[in-house]
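# What the coordinates show
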Amino acid sequence: MLLVKNLTKKFKNSVAVNNLSFNVVPGKIFGLLGPNGAGKTTTIRTVLNIIKPTSGTIIFNGKPITNQFFNQIGYLPEERGLYRRSKVIDVLKYFAELKNLSSTKAIKTADNWLKRLKIEHYRNKRIEELSKGNQQKIQFITAVFHDPDLLILDEPFTGFDPINQQEIKELILSFVSSGKIIILSTHQMDTAEKLCDEILLMNNGKEVTSGDLGEIKKRFGGNNIKLQYSGNGEFLKSFPGVFQYESYSNYAELQLNDDVSPSEFLHNIVDKIEIKHFSVIEPTLNKIFIDLIKEHPI
Amino acid sequence: MKKILSIAKWEFVEKVKTKTFIISLILTPIIIIGFSIVPTLLSTEEDTRTKVIGVLDITGFYFDNIKDALEEYKLEDGQPNYIVINLYKKKYEQGNNKTSADKHIMQKKIEGYLLINMPVPDSLVAEYRSGSIGNFNDLKKFEAVLNKIRIRKELLNSGINPDMISSLQKNVQIEQIRIEESGKEGKQDFLIVFFSSFIFIILLMMMVIYSGQMLVRSLIEEKSNKLIEVLISSCTPDELLTGKILGLSSLGLTQIFVWVLLGLALVGGAVVPPEMFENILLILLYFVLGFVFYTTLFVGIGSIVTTEQEAQQITTYLSLTLMLPIVIAMPAIQNPDVLILKIFSYIPLTIPSVMLLRVNIAPVPVVDLLVTVSIMLISIYIMIKLSAKIFRIGILSYGGRPTIKEIISWIKSG
């Protein structure tokens, strides 16, 4: 269990993280969400003990986080980088040794992972000879091959094609069942929506909302419908009972006033436009995100 | 500790494998030794073939003497060094004599000729005319011969006994003997002192520039692609710093080791004079101290700079301070007590190279050795502490280069 309490990190003339508190329990993926510059990376760096917080405490499995946890932490940074001119296996071995694996174990583990991600034929190639996606895989291996208790993944899916994304997603989910504490930081809401059980949405260093994803969705659920129609739907913007209207290429999403039920609304518009599809929807995390960030401007 | 060794090993192995390392390892000493010994070899090389030298003696007094004297010079195999022929033809005017002699040179019948003239009574003017600017050794011999003949002639004219003259004309040669601490005598040759110091200073500088740049470049790479974050989430900055310095120093020591072996092989092959290695232990001591000092300095700098150009500039300028002793080498060799040399002997940046020079010039007092080595050790210690503080914060500060003020605050905060 990771407990972060009243975490504050001030830089020379800015406050990157402002009194942030959250808990991460094993067996669930914790989503650290927020727009660029929200303070996600600073939060991660303090948790990793790379930088010292100005104030606040970070407790990992009952103890304040210190250098002794180095070997139990796996970190996939947002910006990827490896020693480009070195061989894949050498780089993997080096990073494994830095996580305190013996050199024989390091090579064995590295080979297993290369096989698992189906890139064992690149074992003796230089990093720079690999495609971007395969380099990402190597970097991913360096974050997980020492079987860390705490895994921090910063934007783990950028740079992967859909097939590899799926593969990595399955891997991450397998870590959940093995009881690791996982923090996933991203600004891709659809990813977070698919993977995270709990989220913390932050902006300008402060918490905007947090909690169980399902509950948050319910809380911001409101009256949302998805509507597909032919003809001009512009009039819906100012139609009575419509709180918000957003049109996409071939459909529209509407948020209704709380006192209007979806079926009542359908009844009202059914004569005015040719409806092809009508459904009541939960708001996407993306929408909640955008709405909330708009509500909490800088 | 285990991680420090892993880091050191990584830094060492990954760099040892690079082509640039192997090239610099082998090429650097070859180039330097080539530069320093080839001119000496060439200029002192004895003639190996007999040369035909003409003499055009307008005065008519000197030819026989010159011929006798020059033909006394022998090559190593006992053959005469010079065959002297008379180019003076009575039937020609003076101008024509010259033209015909010049023609001999063009036709490569002779190497060159001595033109002896006496424009005013009692003055002897000689020219050596040849197809190329004459060999330094030849000229020296001609000069000696002419002077000897002239003096002999003058002395004879004033009625001095010929035997007396011969005895007067015996050359005294001065050999330089340096008295060393142990009381044993050492032969001192300016060139050897100069070049052996020079070579070691250049080697040190090349090594510092080379490995300094390598260190800074790898730091910049790790910083720019955020590898540093992965590293720092696996070990402490101090472990990383120590590992890097250790790895790089072993790399440096490997280089020194290979170079010393190479040097010894050259001594064995009689290419390099063994005098160069007389003070090898002291030289190695200052060499290693200098290398480690500069390496720690570069770690601090490497964590501040953000681009490779910046890095290159700074490393090059810093390494050039090592060259300073070369500039003051001449006065220093002539007078080892010169003030500026003493001053530079107490500045950590210049101690290594100045001492490389001083140990070769004259025995360095034990006190000076102790003082300079202590200064180096203390500076290295302080430098490691300072660099570690700068490193700890610098490696994670992105964006622009920090100001001096910021760096000072980092040092204080550490």
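Residues numbered from 1 in each chain as written. Chains lettered and ligands numbered in written order. Predicted model: local features only at pLDDT ≥ 70, side-chain atom pairs only at ≥ 80, totals over all residues.

## Observations regarding the overall build of chain A
Broken down by element type, chain A carries 9 helices and 14 strands. Dimensions along the principal axes, computed over C-alpha positions, put chain A at roughly 75 × 45 × 35 Å. The long-range share in chain A, meaning contacts at least 24 apart out of those at least 6 apart in sequence, stands at 67%. (Helix = DSSP H or I, 4+ residues; strand = E, 2+ residues; numbered from the N terminus. Contact = placed C-beta atoms within 7 Å.)

## Some thoughts on the sheet that holds strand S5 (residues 63-64) of chain A
Residue and element names in this part refer to chain A. A sheet is described by the order of its strands in space; here 4 strands give the open sequence S2-S1-S4-S5, paired in antiparallel fashion. Sheet topology places strand S2 (14-24) and S5 at the edges, where each strand pairs with a single neighbour. Packing of helix H1 (residues 40-47) onto the sheet brings it into contact with strand S1 (2-11), S2 and strand S4 (55-60), and relative to S1 it is tilted by some 115 degrees. (Pairing = 2+ DSSP bridges. Axes fitted to C-alpha atoms, helices over the stretch in contact; angles between N-to-C directions.)

## Considering the interface of chain A and chain B
Taken together, the contact pairs 18 residues of chain A with 16 residues of chain B. Mapped by element, the contributors of at least two residues to the side of chain A that touches chain B are strand S6 (73-76) and helix H2 (88-98) of chain A. Ranked by residues supplied to the side of chain A that touches chain B, first place goes to H2(A) with 3 residues. Partitioned by chemical class, the residues of the side of chain A that touches chain B number 11 nonpolar, 4 polar and 3 charged. (Nonpolar A, V, L, I, M, F, W, Y, C, P; charged D, E, K, R; others polar.)

## Details of the environment of Lys9(B)
Residue and element names in this part refer to chain B. Assignment of secondary structure puts Lys 9 in helix H1 (residues 2-16). We classify Lys 9 as partly exposed; it has 17 C-beta atoms within 10 Å. Residues Lys 9 and Ser 100, spaced 91 residues apart in sequence, show a C-alpha to C-alpha distance of 75 Å. (Buried ≥ 20, exposed ≤ 12 C-beta atoms within 10 Å, placed from the backbone.)

## A short note on the domain arrangement of chain A
Under the domain assignment, chain A is made up of domain 1 (2-212) and domain 2 (222-281). Taken over C-alpha atoms, the centre of domain 1 of chain A sits 41 Å from the centre of domain 2 of chain A. (Domains from an automatic or database assignment.)

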